[in-house]
Amino acid sequence: MNYQKLAIEKADSLGVEYADIRIQTTHSEVIYLRNLSLKNTRDNVIRGYGIRVLKNGAWGFAHSNVFTKEAVIKTVERAYKIALNSAKIKNGEGIKLASERSYIDSYRTPVKIDPFQVPLREKVDLMLEVNKTMLNFQEIKQAMFFVHSQTDDKIFASTLGSKLNISTTFVAPMITATAVTENDSQSRSFQSGGQAKGWEMILENNFLEKASFLAEEAIIKVNAESLKEEKRRDLLLDPVHLSLTMHESVGHPTELDRVLGWEADFAGISFATPEKLKNYKYGSEIVNLSGDNTLEEGLATAGYDDDGVPGQKWQIVKNGILNEYGTTRETAPFIGEKMSRGCNRATYYYDFPINRIPNLYLEPGEKPLTPQELISDTEDGVYIEGQGSFSIDQHRENFQFGGDMFWEIKNGKRVRPLKKIIYKSNNPEFWNSVDAICDKRFWKPFGVVNCGKGQPMQAGRMTHGASLTRFRKIRVGGSQ
């Protein structure tokens, strides 16, 4: 039975303005190992379909995991009735979707080794060896290895005539070593965040070598001192750290549904309102932040979004000026845009697709610049690696961030390790303080697989990236 064809024909017969169906199978595996003990393994397969119907300017959405002719027709009818009832309370003329053409296409993440074909025993043996390597250090009292693998197979069809077959895969590992002394405990982590690749992602990283490195740095960190007072210092932020910073201070504020005030849960609305478009000085002239859902190995790279809009690249911040938002077919018309940027994504078949952060990254510097040259050019600063705590207000303006590893810089040299460091700033002070970005040789990606948004909450995924970047005179100090 061609269920997608059946659903679209039924929706057309009801006279809808638009309808689509996503038939989605999600296969996920989680393995969690701590101190040589397997704490959790989970292997789930979820399969079903979600149907959206637009009628009288309002959405109706229904889903089911029953694959029969009768169930599909009833699901379309249920979505249709919800749309009719929603239309009774809509504001103004209701929803008008941005223009889009139809596509018949397929997309598949390039996967060399299917993570679900690798025996569990082989995976756990590797993770045990990594745990043992870290625990061989006397001061390391806790070693953790977590890996999440997932494949989503999706069939999409719409009343526009689109027919898409999409298969995406990612693998996201994380390992952490925790050192304990009489007075303190500190952790150091490998935080790649995951990539749109197969199990080769695990094999390409030498985790045994990384385990020793992390254990040694955790011990250095737990024995380090903090800064005594807060003052303005230069900040050198590595790509992994900057990925979280740009996610929170650029990604969420430029989701158009937040800009319009439609979405406020978890991350608040946005200060980057439409009157600022094309004129607001978001950052210094060398700050260029791109949305790019065609990024190789990007977690938001899927060929098409859940509106059936193809992946594309655009500039969210261009030469420091707020240039464009991340949009969907539903949100784009509210700021006069005729086409969507393709940022509509749902997590599972039973989720309604929502406006999501795309793959978003800071473009590397145009002039040749190495990390060592940047350090040598810094008199009084702090170098931060990796991600730690963070807090940001409900308009995404004022924030503070921690990190995973810290080094003090004096007169062009890394002079000592630090711990418990936080910095405080706001948009636009932070991004306008950028005066140097290392070049493309040092650009690295970081994948996010747990971006929470919506009610009920959905965990979205996307990739960020940057080269080592310097921010001048930011408030930096020690914390407890």
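Details of the structure are given in the entry above.
**Student:** Could you give an account of the pairing of strand β10 (residues 313–318), naming the residues involved and the relevant values?
**Tutor:** As paired strands, strand β9 (residues 289–292) and β10 are joined by four bridges and run antiparallel to one another. Considered in β10, the bridge of Ser-290 is made with Gln-315. Pairing geometry for β10 and strand β11 (residues 321–322), over two bridges, is antiparallel. Each residue of the ladder has a partner; that of Lys-318, found in β11, is Ile-321. Counted along the chain from β10 to the antiparallel partner β11, the turn is two residues long, and its residue Asn-319 has a positive phi close to 50°.

**Student:** Go over the nonpolar core with me, naming the residues and quoting the values.
**Tutor:** Counting 47 residues, the largest nonpolar core has Leu-235, Tyr-282, Leu-362, Tyr-423, Trp-431 and Phe-471 as the members making the most contacts within it. Broken down by element, this core gets its largest block of residues, four residues, from helix α6 (residues 239–251). With 27 residues, the next largest nonpolar core counts Leu-128, Ile-140, Trp-199 and Ala-215 among its residues.

**Student:** Got a sec to walk through the packing of aromatic side chains? Specific residues and values, please.
**Tutor:** Here the structure, examined in full by the defined rule, presents 24 aromatic pairs. Look at Tyr-49 and Phe-67: their rings are 5.1 Å apart centre to centre, the planes differ by 75°, and that puts the pair in the edge-to-face class. Note that Tyr-49 is positioned in strand β2 (residues 37–55) and Phe-67 in the loop between β3 (58–64) and α2 (69–87), a separation of 18 residues in sequence. For the pair Tyr-49 and Phe-67, a shared accessibility class is recorded, and that class is buried. Seen in terms of ring centroids, Phe-430 and Phe-471 are 4.1 Å apart; in terms of plane orientation they differ by 15°. Their pairing is stacked. A residue pair is termed long-range when its members are at least 10 positions apart, and Phe-430 in helix α9 (residues 429–432) and Phe-471 in strand β24 (residues 469–478) qualify at 41 residues. Overall, Phe-430 belongs to the buried group, its relative accessible area being 0%. Aromatic ring contacts, followed pair by pair, group Phe-390, Phe-399, Phe-401, Tyr-423, Phe-430, Trp-431 and Phe-471 into a single cluster. Between Arg-414 and the ring centre of Tyr-383, over which it is positioned, the NZ or CZ distance is 5.8 Å. Here Arg-414 stacks its cationic end above the ring of Trp-407, 4.3 Å away from the centre of that ring.

**Student:** Break down the pattern of salt bridges for me, citing the residues and quoting the values.
**Tutor:** With the rule as written, the count across this model stands at 37 salt bridges. Asp-184 is the partner of Lys-420 in a salt bridge, and the nearest nitrogen-oxygen pair spans 3.5 Å. Pair noted here: Lys-420 is in the loop between β19 (413–418) and β20 (421–426) and Asp-184 is in the loop between β6 (163–180) and β7 (185–190), with a separation of 236 residues, a long-range link. The exposure class assigned to Lys-420 is partly exposed, which follows from its relative accessible area of 28%. For Asp-184, a relative accessible area of 15% corresponds to the buried category. One continuous salt-bridge network, built from bridges that share partners, spans Arg-188, Glu-217, Lys-221, Glu-385 and Asp-404.

**Student:** Please set out the environment of Leu-164 residue by residue, giving values where relevant.
**Tutor:** Checked against the element boundaries, Leu-164 lands in strand β6. Assessed through its relative accessible area of 1%, Leu-164 is described here as buried. Apart from the residues lying within four places of it in its own chain, the contact partners of Leu-164 are Tyr-103, Asp-105, Lys-154, Ile-155, Phe-156, Tyr-304 and Gly-308.

**Student:** Could you give an account of α2, with specific residues and numbers?
**Tutor:** Between the first and last C-alpha of α2 there are 27 Å, a value that for 19 residues agrees with the 27 Å anticipated at 1.5 Å per step. Taken as a whole, α2 has its buried residues at Ala-71, Val-72, Thr-75, Val-76, Ala-79, Tyr-80, Ala-83 and Ala-87. Check the buried side of α2 and you find it contacts α1 (3–13), β2 and β3.

**Student:** Please give an account of the side chain of Lys-154 that cites residues and values.
**Tutor:** With respect to the helices and strands, the residue Lys-154 is situated in strand β5 (residues 140–158). Apart from the residues lying within four places of it in its own chain, the contact partners of Lys-154 are Arg-22, Ile-23, Gln-24, Leu-164, Asn-165, Ile-166 and Asp-306.

**Student:** Which residues make up the packing of α1 against α2, and what values do they have?
**Tutor:** Look at α1 against α2: their axes get within 9 Å of each other, and the N-to-C directions meet at 40°. It follows that α1 is oblique to α2 by the angle criterion. Crossing geometry of α1 relative to α2 is assigned as right-handed. Contact with α1, carried on its side by Tyr-3, Leu-6, Ala-7, Lys-10 and Ala-11, involves Lys-69, Val-72, Ile-73, Val-76 and Glu-77 of α2 and no other residues of that element. A per-class count over the contact of α1 with α2 returns seven nonpolar, no polar and three charged.

**Student:** Now, about empty space enclosed by the protein: what can you tell me, with residues and values included?
**Tutor:** As enumerated under the stated definition, the model contains three cavities of 30 Å³ or more in all. Here the largest cavity defines a volume of roughly 250 Å³. What lines the largest cavity is a set of 19 residues, among which Lys-154, Asp-306, Arg-345, Ala-346 and Arg-461 lie closest to the centre. Breaking the lining of the largest cavity down by element, the ones donating at least two residues are β5, β6 and β23 (458–466). Looking at the lining of the largest cavity element by element, the count peaks at four residues for β23. Among the residues forming the lining of the largest cavity, the class breakdown is seven nonpolar, five polar and seven charged. For the second largest cavity, the calculated volume is near 50 Å³. Asn-293, Ala-300, Ala-302, Gly-303, Tyr-304, Asp-305, Val-309, Gly-311, Gly-342 and Arg-345 together form the lining of the second largest cavity. Residues of the lining of the second largest cavity, tallied by class, amount to four nonpolar, four polar and two charged.

Calculation notes
- Residues numbered from 1 in each chain as written.
- Predicted model: local features only at pLDDT ≥ 70, side-chain atom pairs only at ≥ 80, totals over all residues.
- Heavy atoms only, no water.
- Pairing = 2+ DSSP bridges.
- Helix = DSSP H or I, 4+ residues; strand = E, 2+ residues; numbered from the N terminus.
- Core = buried A, V, L, I, M, F, W, Y, C linked by side-chain atoms within 4.5 Å.
- Buried < 20%, exposed > 50% of the residue type's maximum accessible area, 1.4 Å probe, protein only.
- Phe/Tyr/Trp six-rings, centres within 6.5 Å; stacked < 30°, edge-to-face > 60°.
- Lys NZ or Arg CZ within 6 Å of the ring centre and 35° of its normal.
- Salt bridge = Lys/Arg side-chain N within 4 Å of Asp/Glu carboxyl O.
- Contact = heavy atoms within 4.5 Å.
- Expected span 1.5 Å × (residues − 1).
- Axes fitted to C-alpha atoms, helices over the stretch in contact; angles between N-to-C directions.
- Parallel < 35°, antiparallel > 145°, perpendicular 65-115°, else oblique.
- Left-handed = near helix turned anticlockwise from the far one by under 90°.
- Nonpolar A, V, L, I, M, F, W, Y, C, P; charged D, E, K, R; others polar.
- 1 Å grid on protein atoms, 1.4 Å probe; cavity = no way out; pocket = protein on both sides within 12 Å on 5 of 7 lines; lining within 4 Å.
- Points joined across faces, edges and corners; volume = space filled by probe spheres on them.

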